[in-house]
Amino acid sequence: MHATPSLRTLISGVVLSTLAVGAQSQSLKLGHIVPPTHVWHKVALQISADLEKASGGKMKIAVSPLQKLGNEGQMINLMQAGAQQFGIFTVGFMSNREESFQAWSLPYVFKDVAHASRAANTPAAKEMLKRLDKHGLIGMGYAFAGQRHVLSVQPVASAKDLANKKVRSFPSPVYNDWWTASGAAPTAMPLSEVAPSLTTKLLDAVDVDLDALVGLKFHQQAPNLTLTNHMAFPSVIVVSKKWWSTRSPAERDMITKVIANAEKAGYQMAVQAEADNLAKAKADGAKVVNADIQSFQAVGAKVRDKYTAKNPLIKAFYDQAKGL
């Protein structure tokens, strides 16, 4: 049976409409380095769900945890090329590209996670995000994890107990200076290698947030938890500049609102997670060490002074954040 002209026209119209819908639908990627139990993954899932809803199903984000799209450097390369549209990256890594992000890692600036999240609204914190433009990224906001603590094979009760200890740390100058000033040997490695390195004694301790500790169960290899509370641990929520430049003003506004809502929700998640994760870690065998926190704070002051003296934006952030 041959199709009549009117039927052929109808079929052509359906095919063209289907192609148009397909062309409008976008399969997008968001990558990060932490496990699915982590607050940042939950923030990523909220961005994905809310953007799909706000776009009427036209923007669908596949979220990839645990550096499945590559390490942070590789993911940033993908984003600069427009092959990955969204990312949540640690400020520890971002500070290797934009020095002012080191301000977030200054020791003993923040009392707790809530204090750190308030600092995200300071003019200095917003200026840091703007400076990502030259790196092919649009800085949209921040997400927080728990504060940084020390998890160790042998108990660490004061700063002097860190002498000559190999501590897993970020490959960032401020982290290196902090641990070196404490007498330790900072050792960079991905999270996936930490547990076996503790088991084989390649590491003595880990600089860790409680989200990662609970999610990856490092306390099974290193049971001693010293609540040093020495640094905040935010990440930066970014969008590919190359991809962003192809979005309409309406789409940009929609994406901005979705991320802003997820950012605010993430602050509350991080505050609650700090308490919940400590309880989980204790229940699962982590032993909290009674420590001389003032000994760590004394080391932190020297590191802070070095960084606030060398960069005006770091100094501005410190001044704006400490009194919040």
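Coordinates for the structure precede this section.
Nothing here was measured: the structure is a model prediction, and the numbers come from that model. (Residues numbered from 1 in each chain as written. Predicted model: local features only at pLDDT ≥ 70, side-chain atom pairs only at ≥ 80, totals over all residues. Heavy atoms only, no water.)

**Examining the nonpolar core**
Applicable threshold: The criterion is simple. A nonpolar core is a set of buried Ala, Val, Leu, Ile, Met, Phe, Trp, Tyr and Cys residues joined through side-chain atoms within 4.5 Å. Between buried and exposed lies partly exposed: a residue is buried under 20% and exposed over 50% of the maximum accessible area for its type, with that area taken using a 1.4 Å probe on protein chains only. Secondary structure elements are defined from DSSP: runs of H or I of at least 4 residues count as helices, runs of E of at least 2 residues count as strands, and each element is numbered from the N terminus. In this description, contact between two residues means that some pair of their heavy atoms is separated by no more than 4.5 Å.
Grouped together as the largest cluster of nonpolar side chains are 83 residues, with contacts concentrated most on F86, F101, W104, Y142 and F317. The leading source of residues in this core is helix α11 (residues 249-283), at 8 residues. Contacts of Y142, omitting those with residues within four sequence positions, involve F101, W104, A120, A125, M128, L129, P234, S235, V236, I237, E263 and Y267. With 19 residues, the next largest nonpolar core counts M189, V194, A212 and A286 among its residues.

**So, the sheet that holds strand β7 (residues 185-188)**
In plain terms, the rule: A pair of strands counts as paired when DSSP detects no fewer than two bridges linking them.
The mixed open sheet is built from 6 strands, whose spatial order is β7-β6-β8-β5-β9-β11. At either end of the open sheet lies a strand with only one pairing partner, and these are β7 and β11 (287-288). Where strand β5 (residues 148-152) lies against strand β8 (residues 205-209), 5 bridges are found, and the strand directions are antiparallel. If you follow V150 over to β8, its bridge partner there is D207.

**Quick notes on the pattern of salt bridges**
Defined as follows: Take a side-chain nitrogen of Lys or Arg and a carboxyl oxygen of Asp or Glu: if they are within 4 Å of each other, that pair is a salt bridge.
Under the definition given, this model contains 14 salt bridges. Across the salt bridge formed by E127 and R131, the nearest N and O atoms sit 3.1 Å from each other. Linking R148 and D209 is a salt bridge whose minimum nitrogen-to-oxygen distance equals 3.2 Å. One end of the pair, R148, is in strand β5; the other, D209, is in strand β8, with 61 residues separating them in the sequence. Look at R148 and you get buried, because its relative accessible area is 2%. The structure contains a network of salt bridges with shared partners spanning E98, E127, R131 and K134.

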